[in-house]
Amino acid sequence: MIGIVSDSTCDLSPELVKRYQITVLPLHVLLGTEEYLDGKNINPDDIYRWADENKATPKTSAVSMEDAAECFKEVLKTCDGIVAFSISGSMSTTNNVMRLAAEEIGAEDRIRVIDSMNLSTGVGHLVIEAAELAQSGAGLDEIEKKILEYRPKVRASFVIDTLVYLHRGGRCSGMAALAGGMLKLHPKIVVKDGAMLVDKKYRGKLGPVTLNYTKDMQEALLHAKKDRVFITHSGTAPEIVEEVRGFLESLNHFDEILETRAGSVVSSHCGPGTLGVLFIDSAQNSAL
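Residues numbered from 1 in each chain as written. Predicted model: local features only at pLDDT ≥ 70, side-chain atom pairs only at ≥ 80, totals over all residues. Heavy atoms only, no water.

A. Expanded view of the sheet that holds strand S6 (residues 81-86). Sheet architecture is open: 4 strands sit in the order S2-S1-S6-S7, paired in parallel fashion. Among the strands making up the open sheet, the edge pair consists of strand S2 (22-25) and strand S7 (111-115). Put simply, the sheet's adjacent strands are angled 20 degrees from each other on average, direction ignored. Of the strand pairs in this sheet, strand S1 (residues 2-7) and S6 are connected by 5 bridges, and their pairing is parallel. For Ile-4, the partnering residue across the bridge sits in S6 and is Val-83. Docked against the sheet, helix H5 (residues 121-135) engages S1, S2 and S6, running at close to 170 degrees with respect to S1. (Pairing = 2+ DSSP bridges. Helix = DSSP H or I, 4+ residues; strand = E, 2+ residues; numbered from the N terminus. Axes fitted to C-alpha atoms, helices over the stretch in contact; angles between N-to-C directions. Contact = heavy atoms within 4.5 Å.)

Take a look at the structure:
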């Protein structure tokens, strides 16, 4: 059987990790001089407290070569090969670290490292598809081929509650953050070709904005792969999440609506209140 490995930015819940027998490699989070492992000894609420107290955005870094090499060696003890996933190569050096680790242990022929060109459950979608293929008995070549077909069809987007965290991390100007707060602007961030871009801006209270963001994708959602859709958030109010879930249920399209909490790496850059609806497109020509 083929083992499936992903870095921690896949933002899959412990239940999904267990269900699909996925091995997760944590990225690193630095709060000042203290270093932590995403999902192991730190959580997003810890990060929000630290960020607000220090008026700064935590630094994040790739998985370590040592951890990746040890992880691969351990998985190969019981698996014939590995398909490993990383956050977009334009956002982190994790993909390169994984490739070097495979070379370091002399297992390049048994390990396929895939740049998801995405983040959060945009990665998670691909990881689960690979895990299902592995559980059906597919080999390395078949899994890699199918995942590379799915990769450009992943649709990942988020609505941001506050621009403060993006500003602290240098991803928007102070004036833009101030104006956004005063005008109650909530940007929609989309992932395209491995990079994050601002698609449009919503104005108003977060609840109605988040629901409108989801409704604006109705046509694309009705052309999505039916297996699953993710609602992934960084600590959004339960009532807002439930409104989004209710709308998705009303479409009568998806077999599974999965809710996950964004991990420490993603949350440290987008801040609390961020919510995304992520799916795989099955239409030939559709856009968000």
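That covers the picture; the talk isn't over yet.
B. Local environment of the confidence of the model for the chain. Averaged over all residues, the pLDDT of the chain equals 90, while 90% of them reach at least 70. Predicted confidence for residues 169-183 stays below pLDDT 50, and this span has 16 contacts to residues more than four positions away or in other chains. (pLDDT = per-residue confidence, 0-100.)

C. How the structure looks around the environment of Leu-251. With respect to the secondary-structure elements, Leu-251 resides in the loop between helix H11 (238-250) and strand S13 (257-261). Classification of Leu-251 as buried rests on a relative accessible area of 13%. Separated by 219 residues in sequence, Leu-251 and Gly-32 place their C-alpha atoms 45 Å apart. The residues touching Leu-251, leaving out its near neighbours within four places in the chain, are Gln-218, Leu-221 and Leu-222. (Buried < 20%, exposed > 50% of the residue type's maximum accessible area, 1.4 Å probe, protein only.)

D. Up close: the nonpolar core. Ile-4, Leu-12, Val-83, Phe-85, Val-127, Ile-143 and Ile-147 are the most contacted members of the largest nonpolar core, which totals 39 residues. Listing elements by their share of this core, those giving two or more residues are S1, helix H1 (14-19), S6, H5, helix H6 (140-150), strand S10 (185-192), helix H12 (264-270) and strand S14 (275-280). Looking at which element gives the most residues to this core, the answer is H5, with 8 residues. Val-127 has contacts with Ile-4, Ser-6, Cys-10, Leu-12, Ile-22 and Phe-85, leaving out every residue within four places of it along the chain. With 28 residues, the next largest nonpolar core counts Val-5, Leu-27, Trp-50 and Ile-82 among its residues. (Core = buried A, V, L, I, M, F, W, Y, C linked by side-chain atoms within 4.5 Å.)

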